[in-house]
Amino acid sequence: MNSFRHRRISVIGLPAVVLLITAAGCSSADGDASAAVPGPDAKTTKLCRNLDKVLPAKVDGESREDPSPASALTAGWGDSAIILRCGVPQPPKMIDPKVAEGRDPDAVAGGVEGVRWLMQKQDGGGYRFTTASRRAYVEVTVPEGRDSSSVLIDLAPAIKKAIPVGIADLTVTPST
């Protein structure tokens, strides 16, 4: 009788162990995206918080899934494959004359839906876009194979609403 009880526990316990292992594998943090949180000044942080409030729930058909650590200065969509960071420093390429003259093969200036962007090709594929002529720099990274124009079109209304046209304050508060 004891062996029957023991066998019954083992049979019931095996599926539970398999389920536990499967659940642990599925909930692994390895798939979570992370994004460095920028450290802008107080005025820029306020603009970025306003942007966070009006960002769309979906971008390029993907639902919002913010990266870690949680911050009003970062957002993500599609398993955080599309990452937005607000309050980033001005990219050096933004003032590079080769970009303005169209002579840089990895960076191009342009605009989509009334928002001006600097587009930079990433080493691992994909692109990084940074807003230009706005009071805060907003950076959006788009992985290779995704329609970046659709991403920018979806984000443009929120950026126009929350980040006024102008020259960004270049002061960056050090992270603590």
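Within each chain, residues carry numbers counting from 1 in the order of the written sequence. Residues qualify for local features only when their pLDDT is at least 70, as the model is predicted, and side-chain atom pairs are given and counted only at 80 or more; totals for whole chains, interfaces and linings, by contrast, use all residues. By convention in this description, side-chain values take in all heavy atoms of the structure and omit both hydrogens and water.

Asks: Can you tell me about the overall build of the protein, naming the residues and giving the values?
Replies: The secondary structure listing takes helices from DSSP runs of H or I that are at least 4 residues long and strands from runs of E that are at least 2 residues long, numbered from the N terminus. The helix and strand tally for the protein stands at four helices and eight strands. Put simply, the protein runs from its N terminus to its C terminus through helices and strands in the order α-α-β-β-β-β-α-β-β-β-β-α. Throughout, exposure labels follow a simple rule: accessible area from a 1.4 Å probe, protein chains only, divided by the maximum for the residue type, with under 20% read as buried, over 50% as exposed, and the rest as partly exposed. Going through the 176 residues of the protein one by one, you find that 35% of them count as buried. Contacts: residue pairs with any heavy atoms within 4.5 Å of one another. Considering only contacts in the protein between residues 6 or more positions apart, those separated by 24 or more positions represent 56%. A 1.4 Å probe and the Shrake-Rupley method give the accessible areas. Residues count as covered only by the protein chains that appear here. In the structure as shown, the protein presents an accessible area of about 10500 Å², 57% of it carried by carbon and sulfur atoms.

Asks: Could you give an account of the state of the cysteines, with specific residues and numbers?
Replies: Pairs of cysteine sulfur atoms within 2.5 Å are identified as disulfides in what follows. According to the stated counting rule, one finds one disulfide in the structure shown. Disulfide partner of C48: C86, at an S-S distance of 2.1 Å. One disulfide, between C48 and C86, carries an S-S torsion of -75 degrees and so falls in the left-handed class. Taken together, the residues span a long stretch of sequence, with C48 in helix α2 (residues 42-54) and C86 in strand β4 (residues 82-86) at a distance of 38 residues. By the burial criterion, C48 is buried, and C86 matches it.

Asks: I'd like a rundown of the sheet that holds β4, residues and numbers included.
Replies: Spatially, six strands are ordered β3-β4-β8-β7-β6-β5 in an open sheet, and the strand pairing comes out antiparallel. Two strands in the sheet have a free side with no partner beyond their single neighbour: β3 (74-77) and β5 (107-112). The average undirected angle you get between the axes of adjacent strands in this sheet is 20 degrees. As paired strands, β4 and strand β8 (residues 138-142) are joined by four bridges and run antiparallel to one another. By the bridge assignment, L84 is partnered in β8 with V140. Pairing between two strands requires that DSSP report at least two bridges joining them. An axis is simply a line fitted to the C-alpha atoms; with a helix, the fit covers only the stretch in contact. Between two such axes, the angle follows the N-to-C directions and lies from 0 to 180 degrees.

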